[in-house]
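# Tertiary structure, described
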Amino acid sequence: SWTMAPPRNVVKIAVQMRDAIPQLIQLDQAKPLAAVLKEVCDAWSLTHSERYALQFADGHRRYITENNRTEIKNGSILCLSTAPDLEAERLLGGLQSGSREGRREALQHLILLAPDLTFAREVISRDGLQRLGTIIEDGDDSGPAQPQLSSPSLGEVLALGLQAFSELMEHGVVSWETLSIPFVRKVVYYVNMNLMDASVQPLALGLLESVTLSSPALGQLVKSEVPLDRLLVHLQVMNQQLQTKAMALLTALLQGASPAERKHMLDYLWQRNFRQFIYKNIIHSAAPLGDEMAHHLYVLQALTLGLLEPRMRTPLDPYSQEQREQLQALRQAAFEPERESPGAVMSADRRRSLCAREFRKLGFSNSNPAQDLERVPPGLLALDNMLYFSRHAPNAYSRFVLENSSREDKHECPFARSSIQLTVLLCELLHVGEPCSETAQDFSPMFFGQDQSFHELFCVGIQLLNKTWKEMRATQEDFDKVMQVVREQLARTLALKPTSLELFRTKVNALTYGEVLRLRQTERLHQEGTLAPPILELREKLKPELMGLIRQQRLLRLCEGTLFRKISSRRRQDKLWFCCLSPNHKVLQYGDVEEGASPPPPESLPEQLSVADIRVLLTGRDCPHIREKGSGKQNKDLCELAFSVSYDRGEQEAHLNFIAPSKREFHLWTDGLSALLGSPMGSEQTRLDLELLLTMETKLRLLELENVPIPEQPPPIPPPPTNFNFCYDCS
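Quick look at the structure, then.

What counts, and where the lines are drawn
- Residues numbered from 1 in each chain as written.
- Predicted model: local features only at pLDDT ≥ 70, side-chain atom pairs only at ≥ 80, totals over all residues.
- Heavy atoms only, no water.
- Helix = DSSP H or I, 4+ residues; strand = E, 2+ residues; numbered from the N terminus.
- Rg over C-alpha atoms; globule rule 2.2 N^0.38 Å.
- Buried < 20%, exposed > 50% of the residue type's maximum accessible area, 1.4 Å probe, protein only.
- Contact = heavy atoms within 4.5 Å.
- Areas by Shrake-Rupley, 256 points an atom, 1.4 Å probe, with all protein chains shown as cover.
- Lys, Arg positive; Asp, Glu negative; His and termini not counted.
- Charge placed at Lys NZ, Arg CZ, Asp CG, Glu CD.
- Salt bridge = Lys/Arg side-chain N within 4 Å of Asp/Glu carboxyl O.
- Expected span 1.5 Å × (residues − 1).
- Polar contact = N/O pair within 3.5 Å; in protein donor to acceptor, adjacent residues only side chain to side chain.
- Disulfide = S-S within 2.5 Å.
- Axes fitted to C-alpha atoms, helices over the stretch in contact; angles between N-to-C directions.
- Parallel < 35°, antiparallel > 145°, perpendicular 65-115°, else oblique.
- Left-handed = near helix turned anticlockwise from the far one by under 90°.
- Nonpolar A, V, L, I, M, F, W, Y, C, P; charged D, E, K, R; others polar.
- Phe/Tyr/Trp six-rings, centres within 6.5 Å; stacked < 30°, edge-to-face > 60°.
- Lys NZ or Arg CZ within 6 Å of the ring centre and 35° of its normal.
- Pairing = 2+ DSSP bridges.
- Patch = residues over 30% accessible without salt bridge, like charges linked within 9 Å, V, L, I, M, F, W, Y side chains within 5 Å.

### A few points about the overall build of the protein chain
Within the protein chain one finds 30 helices and 11 strands. Taken against the 2.2 N^0.38 rule, which gives 27 Å for 731 residues, the C-alpha radius of gyration of the protein chain at 40 Å runs more than 25% over that of a compact globule. Each principal axis of the C-alpha atoms in the protein chain carries an extent, and together these give about 120 × 115 × 40 Å. Buried residues in the protein chain amount to 45% of all 731 residues. Across the protein chain, every contact between residues at least 6 apart in sequence was considered, and the portion connecting residues at least 24 apart equals 66%. For the protein chain, the exposed area adds up to about 39,700 Å²; of that, 52% sits on carbon and sulfur atoms. Distance between charge centres in the protein chain, computed from 81 positive and 91 negative side chains, equals 5 Å.

Below is the structure:
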């Protein structure tokens, strides 16, 4: 017999009701809800099905409507309850109850159902908000002007009233702007009151936060009626919920304030040591920091950093006497102390020329620094940072400027240009001037650890930039590359959320250029999935074969031969000579060649050196022809390309000296000679070639396994069978 599958729009569910046996029914989603309710009521012999409704049995017990009925799935459990309009009527009637206990029960049930929009609409349409407002404004039964709220049950009824009111308002059916001024003042009164029930004040603060964020006019009222000192008192109470709600109202008031008011408020808070209080009592408290508090700390940090935005958006004014004096102070802090005769009179032209030269030494792109600081961002904020660094770390500032301004090898790091770019970078990383995100929590704990945190961070960053510049052996052309590395160093360290500036300094300085390269490579390999143990094992197995391939290539390159220059004692390049390896790898053949001539055939070369006679390969400063030259700048460049082979000539030691035409040729020849002598090939070129070959070969081997997950561990070997009787006896 054929069994028909149930239609797609039919779901099997259970329906419960108090003191009744549950019904298991097949709900046809195409059938109107009223018809479904009628069938359910009929099964339990209930009349007037319009007085009932279906609810989800779990969670907030939401009412089933035509809009959300698609959420009912196979196996859902529903319950039959009073219709939302009748339930709203009943509970609002309970609020009028003469007994406080009756009102408490009605409010508790109201709070349970308030998150449901269907029920909330029914309550609001029956003036439920006004009735709750009366409970909040009266505060107790008799409703005197100054209610005495020492009774716990009175405080409990008021807390329930505030909670129910907030829950209903959250749906947005009624605007917060419609609240009356006396009502808001009464809630403010509960916030400002000293002997208030602990459950009331967090709810009152939460309600005022919503009012402040939603209505500018009422927000001004809250700002004028709730003193900042009162919020600071709430923050010092060791009650996490009260602290969180007080911080929420504080950030809402700051967000709603004009830039001038906000600056005034934040200045007042910092004067009251608010930053240190947050750092010690909230960030470092024993209780874990909740998501909500983390968000408010992020907002507070963003708003404080936002005070820097006007400076960031203002270009330098070349006609401002104050700004010109600041630039001169920056120049004098670096160069004035080294002047020989401070009392010497200098002509105006000479002074102007000297100033222009010193501004260029400071790292400005031309003699007029105003042109560099006209760009916004960072505008005047870059000048503020440079001045702060020169005044608060004068030794580090002088060392940075003098060290780089006295170099002549294109490796100098320009202080002013670096400072301007670093300020832009810090503004981007810390989102200075960007609007606050609704849910972000990425605040930096160290920001609250001290005053002037942005400028202090700049002082660490500019010294890091100089250190990284040296590690990269950078020139002016590499400026953008250095900034990319510094961005990565700062971003990675900020992501670790160091709790103090000292910890930040330690961690960021430990993240050297070499470490950044290593992390980049590791992340790339992780992305490609090449760090799984089986892949690493495969790479290790491939290495000997590929090293053999590289060795073969190096020896072939030596057989092809290379033209080398001879360096005469008069320090001028004159003659060329050619050297190659014989095809049987037994002999090095070499001889002089005329300028412009093509490489000669190996058999025509007059000189020979047997590979068996070679003792050792020397490089760099160990080579005799470099040792003789001294340590001039030209010789430093030669040193990186020099290598020699030491060999036996009779009973004496002799040397064949080379200067490679390029770094690549240097690596190929030193690798080839090492291979001939049976030594490992340790050049940077060999490492790069091996990595390239390993990557290509691994990818080729794994082509057939594309989109197949590679396990971390090999599959376990099953235990041996209990006996081997299944084995056929061949005898």
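The rest of the description comes next.
### What about the pattern of salt bridges?
Enumeration over the complete set of coordinates arrives at 38 salt bridges. One salt bridge connects Lys 470 with Glu 403, and the closest N-O pair in it is separated by 2.9 Å. Of this pair, Lys 470 sits in helix H22 (residues 453–471) while Glu 403 sits in helix H20 (residues 394–405), placing them 67 residues apart in sequence. Take Lys 470: its relative accessible area is 41%, and that puts it in the partly exposed class. One network of salt bridges, in which partners are shared, links Glu 488, Arg 492, Arg 520 and Glu 523.

### Points about helix H11 (residues 240–256)
Taking 1.5 Å of rise per residue, 17 residues should cover 24 Å, and H11 covers 24 Å from first to last C-alpha, within 8% of that figure. Burial analysis of H11 places 12 of its 17 residues in the buried class, the great majority of the element. Where H11 is concerned, the buried positions are Leu 242, Gln 243, Thr 244, Ala 246, Met 247, Ala 248, Leu 249, Leu 250, Thr 251, Ala 252, Leu 253 and Leu 254. Looking at the buried residues of H11, the elements they touch are helix H8 (200–214), helix H9 (216–225), helix H10 (228–235), helix H12 (259–271), helix H13 (274–283) and helix H14 (291–306). Sitting at the amino-terminal end of H11 is Asn 239, which places a side-chain oxygen 3.0 Å from the backbone nitrogen of Gln 241.

### Looking at the state of the cysteines
Using the criterion set out here, one finds zero disulfides in the structure. Counting only cysteine sulfurs, Cys 459 is the nearest neighbor of Cys 413, a cysteine outside any disulfide, at a range of 15 Å. The class of Cys 413 is buried, set by a relative accessible area of 2%. Cys 623 provides the cysteine sulfur closest to Cys 639, a residue in no disulfide bond, and the two sulfurs are 7.7 Å apart. The exposure class of Cys 639 is buried, given its relative accessible area of 13%.

### A closer look at the packing of H11 against H14
At a minimum axis separation of 9 Å, H11 and H14 run at an interaxial angle of 30°. For the element pair H11 / H14, the angle class is roughly parallel. Where H11 crosses over H14, the handedness of that crossing is left-handed. Between H11 and H14, the contacting residues are Gln 243, Thr 244, Lys 245, Met 247, Ala 248, Thr 251, Leu 254 and Gln 255 on the first element and Glu 292, Met 293, His 296, Leu 297, Val 299, Leu 300 and Leu 303 on the second. Considered class by class, the residues forming the contact of H11 with H14 number eight nonpolar, five polar and two charged.

### What about the packing of aromatic side chains?
One pass over the full model with this rule turns up 22 aromatic pairs. Seen in terms of ring centroids, Phe 389 and Tyr 397 are 6.1 Å apart; in terms of plane orientation they differ by 85°. Their pairing is edge-to-face. For the pair Phe 389 and Tyr 397, one class covers both residues: buried. Residues Tyr 397 and Phe 415 carry aromatic rings whose centres are separated by 5.2 Å and whose planes lie at 70° to one another, so their mutual orientation is edge-to-face. Of this pair, Tyr 397 sits in helix H20 while Phe 415 sits in helix H21 (residues 415–429), placing them 18 residues apart in sequence. Residues Tyr 397 and Phe 415 agree in their burial class; the two are buried. Ring pairs connect the aromatic residues Phe 564, Trp 577, Tyr 590, Phe 643, Phe 658, Phe 666 and Trp 669, which therefore count as one cluster. Of note, Arg 275 hangs over the ring of Trp 270, and the distance from its end group to the ring centre comes to 4.4 Å.

### Concerning the sheet that holds strand E9 (residues 614–619)
Strand order in this open sheet of three strands is E9-E10-E11, and the pairing throughout is antiparallel. This sheet does not close on itself; its edge strands, each paired only once, are E9 and strand E11 (652–659). Within the sheet, the average angular offset between the axes of one strand and its neighbour, ignoring direction, is 20°. Looking at chain direction, E9 and strand E10 (residues 642–649) are connected through five bridges and run antiparallel.

### Looking at the side chain of Glu 665
Tracing the backbone through its elements, the reader meets Glu 665 in helix H29 (residues 663–676). If we ignore the near neighbours within four places in the chain, the residues touching Glu 665 are Arg 557, Thr 562 and Ala 660.

### Quick notes on the packing of H13 against H14
It is at 13 Å that the axes of H13 and H14 come closest, and there the two elements cross at 160°. As summarised for this structure, H13 and H14 are arranged roughly antiparallel, according to the angle between their axes. Note on packing geometry: the crossing formed by H13 with H14 is left-handed. On H14, the residues that touch Phe 274, Ile 278, Ile 282 and Ile 283 of H13 are Met 293, Leu 297 and Leu 300.

### Some thoughts on the sheet that holds strand E2 (residues 23–28)
Taken together, the four strands give an open sheet; going across it, the order is E2-E1-E4-E3, and neighbouring strands pair in mixed fashion. At either end of the open sheet lies a strand with only one pairing partner, and these are E2 and strand E3 (52–56). When strand polarity is set aside, the average angle formed by the axes of neighbouring strands in this sheet is 40°. Summarising the sheet, strand E1 (residues 10–16) and E2 pair through six bridges and their orientation is antiparallel. Bridging from a neighbouring strand, Ala 14 pairs with Leu 24 of E2.

### A short note on a nonpolar patch on the surface
A contiguous nonpolar patch, built from Leu 705, Val 708 and Ile 710 and spanning about 220 Å² of accessible area, is present on the exposed surface. Relative to the helices and strands, Leu 705 resides in the segment after helix H30 (684–701).

### Considerations on a positive patch on the surface
A grouping of Arg 350, Arg 357, Arg 360 and Lys 361 is seen on the molecular surface, where their side chains present a positively charged patch. With respect to the helices, strands and loops of the structure, Lys 361 is situated in helix H17 (residues 348–361). The class of Lys 361 is partly exposed, set by a relative accessible area of 39%.

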